[in-house]
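# Residue-level structure breakdown
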Amino acid sequence: SPQQPQPQQQPPQQQQQQGAASRPLVVVGSVNADIIIEVERLPTSGETLCTKDPSTGKVVPGGKGCNQAICAARLCRGPSRFVCQFGGDAHAHMLQRALAASGVDLSACGRAAH
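First, a word on what this report is: a plain description of the structure on this page. (Residues numbered from 1 in each chain as written. Predicted model: local features only at pLDDT ≥ 70, side-chain atom pairs only at ≥ 80, totals over all residues. Heavy atoms only, no water.)

A disulfide bridge is the covalent bond that connects two cysteines by way of their sulfur atoms. Tallied over the full model, the rule gives zero disulfides. Distance from the sulfur of Cys84, which forms no disulfide, to the nearest cysteine sulfur (Cys109) is 3.5 Å. (Disulfide = S-S within 2.5 Å.)

Here you go:
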């Protein structure tokens, strides 16, 4: 009976790369809402400035962990998972939507009561 050809094994490095692509990159860190406002100039030491137009304010996702999780989801070929604690306010909902829209898995995140 003819022998069947044996499948060629991949080099260990290539096997590791394929296995790594299916495992999630996990980020554990902070998440917060950054509030950006426009002022006419930088404050001097100890000075407080007010914005002339509060409508210039912009709320964006922030926090080292949040930023890393979004970058990982955008740059990695495999899944990106974020572990954090969301607050119970309106900003938390915005942060969750932004992370999810970037492809970040939030299944390991905690959520504070309202």
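Looking now at a nonpolar patch on the surface. On the surface, Ile35, Ile37, Val39 and Val59 cluster together into a nonpolar patch covering about 320 Å² of accessible area. Turning to its location among the elements, Ile37 is positioned in the loop between β2 (32–36) and β3 (58–62). (Patch = residues over 30% accessible without salt bridge, like charges linked within 9 Å, V, L, I, M, F, W, Y side chains within 5 Å. Areas by Shrake-Rupley, 256 points an atom, 1.4 Å probe, with all protein chains shown as cover. Salt bridge = Lys/Arg side-chain N within 4 Å of Asp/Glu carboxyl O. Helix = DSSP H or I, 4+ residues; strand = E, 2+ residues; numbered from the N terminus.)

Attention now moves to the sheet that holds strand β4 (residues 80–83). In spatial order, the strands read β1-β4-β6; together these three strands make up an open sheet with parallel pairing. Of all strands in the sheet, those bounded by a partner on one side alone are β1 (25–28) and β6 (104–105). Here four bridges tie β1 to β4, and the two strands are oriented parallel to one another. Considered in β4, the bridge of Leu25 is made with Ser80. Against the sheet, helix α2 (residues 64–75) touches β1, β4 and β6, its axis set at about 170 degrees to β4. (Pairing = 2+ DSSP bridges. Contact = heavy atoms within 4.5 Å. Axes fitted to C-alpha atoms, helices over the stretch in contact; angles between N-to-C directions.)

This part is about the pattern of salt bridges. For the structure shown, the criterion picks out three salt bridges. Notably, a salt bridge pairs Glu40 with Lys52, separated by 2.7 Å at the nearest N-O pair. Taken together, the residues Glu40 in the loop between β2 and β3 and Lys52 in the loop between β2 and β3 connect sequence positions twelve residues apart. Given the relative accessible area of 66%, Glu40 is considered exposed. The exposure class assigned to Lys52 is exposed, which follows from its relative accessible area of 70%. Arg81 is the salt-bridge partner of Asp105, the closest N and O atoms lying 3.0 Å from each other. Residue Asp105 is found in strand β6, and its partner Arg81 is found in strand β4; the two are separated by 24 residues along the sequence. Using a relative accessible area of 29% as the deciding quantity, one classes Arg81 as partly exposed. (Buried < 20%, exposed > 50% of the residue type's maximum accessible area, 1.4 Å probe, protein only.)

What follows concerns helix α3 (residues 90–101). Here α3 contains twelve residues, and its C-alpha end-to-end distance of 17 Å stays within 8% of the 16 Å for a straight helix at 1.5 Å per residue. Looking one or two residues beyond α3, the residue adopting positive phi is Gly103, at roughly 90 degrees. (Expected span 1.5 Å × (residues − 1).)

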